[in-house]
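Chain by chain, the residues:
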Amino acid sequence: MAPRLLPFVLLVAATASTVWAEGSVKCSESDRDALLAIRSALSESHLGIFSSWTGDDCCSDWYGVSCDPSAGRVTGISLRGESPDPIVANAGRAGALMYGRISPEVCRLDRLTTLIIADWKHISGPIPPCLTSLPLRILDLVGNRLSGPIPDDIGNLAHLTVLNVADNHLSGTIPASLSSLSSLMHLDLSNNQISGAIPSDFGNLGMLSRVLLARNRISGGIPSSVGSMSRLADLDLAENRISGKIPASLGSSPVLSSLYLGSNRLSGGIPSALVASQGLGILNLSRNIIEGEIPDSFSSGSYYTSLDLSYNQLSGAVPKTLESAAYVGHLDLSNNKLNGAIPSGSPFDHLEAASFAGNSGLCGGPLPAC
Ligand SMILES: *[C@@H]1O[C@H](CO)[C@@H](O)[C@H](O)[C@H]1NC(C)=O
């Protein structure tokens, strides 16, 4: 710093923040105290990430901390255990571990819009409920050992676009208030112990494009309102306890490209509109108790990289219209009650017997002749 600035700096040093040459302001004392409380609730012995969290100005070179420089207020914390940053990457796979808890003092950072504390594998304790009072846009706590519920009033986070708490030990239900997160684009609760039903008004989440809820204990049905989510591209509900029918409304979902419903307790039939849905590239309904015929509603607009209907109670014939599909990569119709001759034609030519195994009534194609 130029010496001529010194008197000015001394003048304002007694106040909470200091004005620097280009109008940027040193971090607020209360934000710095909150960060120090966060630091002391976490421990990380290998990487020395927190060794940069020293000195007065938490807005200058504190690893993973970002600020609004004109206000000297902390707006983001981004600490990723699987980051390509040299400080993390150099530690190697075994090194990127962090223990401890997320201090509720984080809620004193009342300008915080991004909170990422991800992939540290051992951070435990609850998600601090007071987080719902912050102006968060991104909340990413994936890959830790967090337990307890998702805060009940998560719906207060009106600006939230990303909620990722996958790969933790969270329990409790999906809070009813979640349906009011009208800015939410990406929701990932996968791989926890979340139970209860998907709120019936879930379809209100009109900005949501990825909904990943796989590998939990979710029960109840798939709300038909899901079909009205105009931006929904990926829906993964696999490996839960979801029952009832697949809502026909999903077939009119305009941009749905992958639908994973495998390993649940779904019954009833496959909606014809779903099979016909153009743009749907991955459909996995494996390991349910779905019955009836496979709808004969494929067309030249069908382009499936993967279609897995295995381990259900499907009966009747392999649909003829599959021949007209533009592309069928992986096809698995095994372990159903299908019968009759397997049609011939382009999508069938490259398929192996395994795609049709376990259907005692099927013949032809890669299976023994009829
Ligand atoms: C379909 O889902 C089931 C259950 O989740 C899974 O085991 C299977 O591997 C999936 N199929 C494909 C082709 O990915």
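Residues numbered from 1 in each chain as written. Predicted model: local features only at pLDDT ≥ 70, side-chain atom pairs only at ≥ 80, totals over all residues.

*Asks:* Explanation requested: the overall build of the chain in the structure shown.
*Replies:* Each helix and strand counted, the chain has six helices and 24 strands in total. The globule rule puts the C-alpha radius of gyration for 370 residues at 21 Å, and the 26 Å found for the chain is more than 25% above it. When the 370 residues of the chain are sorted by exposure, 40% land in the buried category. Residue pairs at least 24 apart in sequence account for 47% of intrachain contacts in the chain once pairs closer than 6 positions are excluded. (Helix = DSSP H or I, 4+ residues; strand = E, 2+ residues; numbered from the N terminus. Rg over C-alpha atoms; globule rule 2.2 N^0.38 Å. Buried ≥ 20, exposed ≤ 12 C-beta atoms within 10 Å, placed from the backbone. Contact = placed C-beta atoms within 7 Å.)

*Asks:* Explain the UniProt feature "domain: Leucine-rich repeat-containing N-terminal plant-type" (unreviewed entry) in the chain to me, please; I cannot follow it from the model alone.
*Replies:* Cross-referencing UniProt, the feature "domain: Leucine-rich repeat-containing N-terminal plant-type" (unreviewed entry) maps to residues 29-68 in the present numbering. Here residues 29-68 is 32% helix and 15% strand, with 14 Å between the C-alpha atoms at its ends. (UniProt positions renumbered as here; feature names shortened; annotations may be inferred.)

*Asks:* So what exactly am I meant to see when it comes to the pairing of strand β3 (residues 73-80) here?
*Replies:* Strand residues, when the strand is regular, have side chains that alternate between the two faces of the sheet. Sheet topology note: the strand β2 (residues 65-68)/β3 ladder contains four bridges and is antiparallel. From the neighbouring strand, C67 faces β3, where its bridge partner is V74. What sits between β2 and β3 in their antiparallel hairpin is a turn of four residues, with G72 showing a positive phi close to 65 degrees. Examined bridge by bridge, β3 and strand β5 (residues 114-118) share five bridges and lie parallel to one another. Its bridge partner being in β5, G76 is matched across the sheet by T114. (Pairing = 2+ DSSP bridges.)

*Asks:* So what exactly am I meant to see when it comes to the sheet that holds strand β18 (residues 282-284) here?
*Replies:* The strands that make up a sheet pair up through hydrogen bonds in the backbone, lying either parallel or antiparallel. Taken together, the twelve strands give an open sheet; going across it, the order is β2-β3-β5-β6-β8-β10-β12-β14-β16-β18-β20-β22, and neighbouring strands pair in mixed fashion. The sheet is open, and its two edges are formed by β2 and β22 (327-332), each paired on a single side. Taking each pair of neighbouring strands and ignoring which way they run, the sheet shows an average axis angle of 10 degrees. Bridge count for strand β10 (residues 186-188) against strand β12 (residues 210-212) is three bridges, and the pairing is parallel. The residue bridging L187 from the neighbouring strand is V211, located in β12. (Axes fitted to C-alpha atoms, helices over the stretch in contact; angles between N-to-C directions.)

*Asks:* Got a minute to help me understand the environment of P368 in this structure?
*Replies:* As for its placement among the helices and strands, P368 is situated in the segment after β24 (361-363). In this structure, the C-alpha to C-alpha distance between P368 and A353, residues 15 residues apart in sequence, is 9.2 Å.

*Asks:* Which parts of the structure should I look at to understand the environment of D152?
*Replies:* For D152, the location among the structural elements is in the loop between β7 (147-148) and β8 (162-164). The spatial distance from the C-alpha of D152 to the C-alpha of G358 is 46 Å, given a sequence separation of 206 residues. Those residues in contact with D152, other than ones at most four positions away along the chain, are P175 and S177.

*Asks:* Quick question: what am I supposed to make of the environment of I270 here?
*Replies:* The residue I270 is located in the loop between β17 (265-267) and α5 (272-276) in this model. Note on I270: 24 C-beta atoms within 10 Å, which makes it buried. Spatially, the C-alpha atom of I270 lies 53 Å from that of S40, the residues being 230 residues apart in sequence.

*Asks:* What is the right way to read unusual backbone geometry from this model?
*Replies:* In most cases, non-glycine residues show a negative phi, while peptide bonds are predominantly trans. Unlike most non-glycine residues, D119 shows phi in positive territory, near 60 degrees. Tracing the backbone through its elements, the reader meets D119 in the loop between β5 and β6 (138-140). Here D119 falls in the buried class, since 21 other C-beta atoms lie within 10 Å of it. With phi around 60 degrees, R287 is a residue other than glycine that occupies positive phi space. By the element assignment, R287 lies in the loop between β18 and β19 (291-293). The exposure class of R287 is partly exposed, given the 19 C-beta atoms found within 10 Å.

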